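# Observations on the model geometry
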Amino acid sequence: MSDAWSLVYHGFDPKAEGLREALCTLGNGYFATRGAAPEASDDGVHYPGTYVAGCYNRLKTEIAGRDVWNEDLVNVPNWLPLTFRPEGGEWFDLRDVELLDYRQELHLATGELRRALRYRDSGGRETSVASRRFVHMAHPHLAAVETTIEPLNWSGTLDVRSALDGRVVNNGVARYRRLNNRHLEAVETEAVGDDAIFLRVRTSQSRIDLAMAARTHVYPNGSLKNTDRRLVQDAAYIAHDLTVPITQGAALTVEKVIALYTSRDHAISECGLEARKAVGRARTYDALLRTHARAWEHIWRRFDIAIVPDREDGDDKRELRILRLHVFHLLQTASPNTIDLDVGVPPRGLHGEAYRGHIFWDELFIFPLLNLRMPEITRALLMYRYRRLDEARIAAQEAGFQGAMFPWQSGSNGREETQQLHLNPKSGRWLPDRSHRQRHVNAAIAYNVWHYYQVTEDLEFLSFFGAEMFLEIARFWASIATYNADHGRYEIRGVMGPDEYHDGYPDTDQAGLLNNAYTNLLAVWVLCRALEVIELLPQNRSQELCEKLAISPDELGRWDEISRQMRLVFFDDGILSQFEGYERLDEIDWDRYREKYEDIHRLDRILEAEGDTPNRYKLSKQADVLMLYYLFSTEEIKELLERLGYTFSPDAVPKTIEYYMARSSHGSTLSRIVDSWVLARSNRPGSWELFTEALESDVRDIQGGTTPEGIHLGAMAGTVDIVQRCYSGIDTRGDVLWLNPRIPEQLRCLRLRILYRGQPIELDMERDRLMVTSLPSAAHTIQLGFRDEIFQLRPEETREFSL
């Protein structure tokens, strides 16, 4: 790594190439391309995948005598291929030459990936190669790659090949390779004019047309030269071969500009026509780069964050650099270009094929960052859920419930995409997958709607979209809750919590758990807020919505009753039990498993391979009960418990945190995010240690091979949000922007800019002071809370507080 705006790699390491390709992905919210070399193909070292937001396709595979359907985010045609060979030589391949120098750099400020190398081939020829590329942030259908070749000790002719390759398959995740993965059908290839090529393919089931056009220009000594070219053409592959003279010491630049459209795009006649037209109109690499870099400059004004660690040794910019890398990858997946698309935000970004590009609950960790910077993106992503509300209603009905039951994994149309079987790579066995029972995703969607409104006060969205989702989710929770006369309380059966290791009880085939604390308390919170949502809406809209959904006063009364009588289970010392029966499980010998396996992140796979099951033990993949302290303040937890008639004990909070942290294998990258957050008040050094570990999750691939399959977007956004909300103490509730900083000793200062209800605000924090400045705007005065006091903050006003 280099300065705070660059990710730099020296030397070529085939074993690390998959990780580098994921971390050097370039995208713009519409599509993204992994950071593979332009001459590379899917060869076991490289994997040059390109993914278009929302482009899914379903295929059937026979597994263990069953027909299993899987929907995948499709690896679309590879637009990168740009390679060369000296006369009489082989096409350039890093593995077949002697590398004399190699450097790759990702420029975060401008969204450009550069590579510079020198090599000696088998004929003794020494050559310098420099390449650079971007995926345009301002013109989301455009991308460009440029390669400059300089012969250092030879002259002759050079063959250049510029191609579009539609023969690709989804091959980026080893454990999926037994499944059918050929999603694309060839439609047509052709030359376009004198300097461009065109490719069209179609997804086999969803019938999405994808069109690419590529224009290739050659610049000897910096001047454009018309060059004879030969067409290489197949059903799903097309290339231009160019042969040009090259002279020792004289650089030759090859520029390739591409346009990508699909039949799902807005404001087009036909995607092939648009691709041809766009590539014909596109300007040069440098001209396009200027507008692309300007778009990134505008985005960084909203999203940049500055921290100064208190350290005298080592790389004092490392944490800041990684934070910016995390922001960068979030914005390549969900950007201003996403606002007009009907897409969700995949937890592995548009960076690879893990989780098949499905949409989970990771929005819970991603939206808070977007809410306070560019809430328009959050609104667009929430509309993805709203448009699939009817599918969620049908799912609830088919399961015997009312309201809306959103899927644990969502893709194209909102049906449940969770696989029926999953492969344990340690045992090689296909196992039943019960993770669709994580009904808490419904509460996460409601939580996201509520907090988007709290930050923006977007009553229009709440009135016409958000409230309808919220009320239907509340109705679902009221219907899944059943009354237990023995306890005099309501309970929820047959679910899984965020932990994911426990999908049932030991020695039984019955799926799901009873009274998962996280699920039950979130259901109570949803029911409480649903009653509040009805009061927030204008009276006529509230009446219309209740009439549309046939919500009666009796039903609202039942919601209130359930929200006061939900069952929770506690240990004798006041610790909240993860689920009913948790106390009867065995403790696991953590030391033995660490000594035997070293890496126990996926302890569930280890146990299954041994013929055991995590259902027998007190352990977790990630935070479950502790998620409550991540989502809610202590005051909110106290309020919820007292509403239920339970005694809240402040002494139980640190005991609960210590108890569950000691039983986590951190099998999810989200785990350390939550643990760092909940420690921020009671143990700031411990919080900082977990925060820095979470920062390294992807750049060091600490889970041993997961990052090459796609970065972990929830963890990336979560680390930034720890700095943004947790360490700054931001809380948005009750129409007040609350600030209660808790800066760790390892930080000297923290600076960021947020947007609250239309008012841009700069926060400048040091250990002993807080400066709050509202920037010029047309927004109204906001309420600012510090500690227990509330102040009025007008536009262009500064307030200073002592810490």
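As shown above, the structure is provided for reference.
Residues numbered from 1 in each chain as written. Predicted model: local features only at pLDDT ≥ 70, side-chain atom pairs only at ≥ 80, totals over all residues. Heavy atoms only, no water.

Looking now at the pairing of strand β5 (residues 66-75). Summarising burial for β5: 7 of the 10 residues are buried, a large majority. In this sheet, β5 lies alongside strand β4 (residues 50-63) in antiparallel orientation, the contact comprising 9 bridges. Bridging from a neighbouring strand, N57 pairs with D72 of β5. The turn linking β4 back onto β5 is made up of 2 residues, and A64 within it adopts a positive phi angle of 50°. (Buried < 20%, exposed > 50% of the residue type's maximum accessible area, 1.4 Å probe, protein only. Helix = DSSP H or I, 4+ residues; strand = E, 2+ residues; numbered from the N terminus. Pairing = 2+ DSSP bridges.)

This next bit is on the state of the cysteines. With the rule as written, the count across this model stands at 0 disulfides. Note on C726: no disulfide assigned, nearest cysteine sulfur contributed by C749 at a separation of 18 Å. (Disulfide = S-S within 2.5 Å.)

In space, the 4 strands of this open sheet follow the order β23-β24-β28-β29, with mixed pairing throughout. Each edge of the open sheet carries a strand with a single partner, namely β23 (731-733) and β29 (789-793). Across the sheet, the mean angle separating the axes of adjacent strands is 30° when strand polarity is ignored. (Axes fitted to C-alpha atoms, helices over the stretch in contact; angles between N-to-C directions.)

To continue, consider the sheet that holds strand β17 (residues 252-262). Sheet architecture is open: 9 strands sit in the order β1-β7-β8-β9-β10-β17-β14-β13-β12, paired in antiparallel fashion. In the strand order of this sheet, the two ends are held by β1 (6-10) and β12 (184-192), each with one partner. Recorded for the sheet is a direction-independent mean angle of 15° between the axes of neighbouring strands. As paired strands, strand β13 (residues 196-203) and strand β14 (residues 209-220) are joined by 7 bridges and run antiparallel to one another. Note on β14: the bridge partner recorded for R202 is D209.

One pass over the full model with this rule turns up 74 salt bridges. D209 serves as the salt-bridge partner of R202, at 2.5 Å between the closest nitrogen and oxygen. A salt bridge links E555 to R475, with the nearest nitrogen and oxygen atoms 2.8 Å apart. Of this pair, E555 sits in helix α12 (residues 553-562) while R475 is found in helix α9 (residues 459-480), placing the two residues 80 residues apart along the sequence. This pair shows no difference in class: E555 is buried, exactly as R475 is. A single salt-bridge network, built from bridges that share partners, covers E188, E190, R200, R202, D209, E270 and R276. (Salt bridge = Lys/Arg side-chain N within 4 Å of Asp/Glu carboxyl O.)

A few words on the layout of surface pockets. Considered as a void within the structure, the second largest pocket measures approximately 700 Å³ in volume. If you go around the second largest pocket, you meet 29 residues; those closest to its centre are S633, T634, E635, R681 and R742. Contributions of two or more residues to the lining of the second largest pocket are made by α8 (440-456), α15 (627-631), α16 (634-643), α17 (652-661), α18 (670-679), β23 and β24 (736-739). Of the residues assigned to the lining of the second largest pocket, the class counts are 14 nonpolar, 6 polar and 9 charged. (1 Å grid on protein atoms, 1.4 Å probe; cavity = no way out; pocket = protein on both sides within 12 Å on 5 of 7 lines; lining within 4 Å. Points joined across faces, edges and corners; volume = space filled by probe spheres on them. Nonpolar A, V, L, I, M, F, W, Y, C, P; charged D, E, K, R; others polar.)

This part takes up helix α20 (residues 713-726). Relative to the 20 Å expected for 14 residues at 1.5 Å per residue, α20 spans 18 Å between its end C-alpha atoms, a close match to the ideal helical length. In the structure, α20 departs most strongly from a straight axis at V720, where the bend amounts to approximately 30°. Within α20, 14 of the 14 residues are buried, leaving the element largely enclosed by the surrounding structure. (Expected span 1.5 Å × (residues − 1). Bend = angle between axes of the 7 residues up to and from the residue.)

Right, let's talk about empty space enclosed by the protein for a bit. Picture a little ball the size of a water molecule; that probe, rolled over the atoms, points out where space is still empty. Counted by the stated rule, this structure contains 4 cavities of 30 Å³ or more. Along its surface, the largest cavity is lined by 13 residues, and P368, N371, H451, R725 and T732 are the ones closest to its centre. Elements that contribute at least two residues to the lining of the largest cavity include exactly α5 (363-371), α8 and β23. Partitioning the lining of the largest cavity into residue classes produces 7 nonpolar, 4 polar and 2 charged.

Attention shifts here to the nonpolar core. Within the largest apolar cluster, 225 residues are counted, with the highest numbers of intra-cluster contacts made by W79, W361 and M627. Sort the elements by how many residues they give to this core and helix α10 (residues 517-536) lands first, with 13 residues. Setting aside chain neighbours within four positions, we find W361 in contact with W408, H440, V441, A444, P498, Y518, Q622, M627 and L670. Judged by nonpolar contacts, the second largest core, of 19 residues, contains A196, F198, A282 and Y285. (Core = buried A, V, L, I, M, F, W, Y, C linked by side-chain atoms within 4.5 Å. Contact = heavy atoms within 4.5 Å.)

The next thing to look at is α12. Buried within α12 we find E555, W559 and I562. Angular distribution of buried residues about the axis of α12 spans 70°; they occupy a single face of the element. Along α12, the residues that are exposed and aim more than 90 degrees away from the buried face are P553 and D554. The elements touched by buried residues of α12 are α9, β21 (481-484), β22 (489-492) and α10. (Arc of directions from axis to C-beta.)

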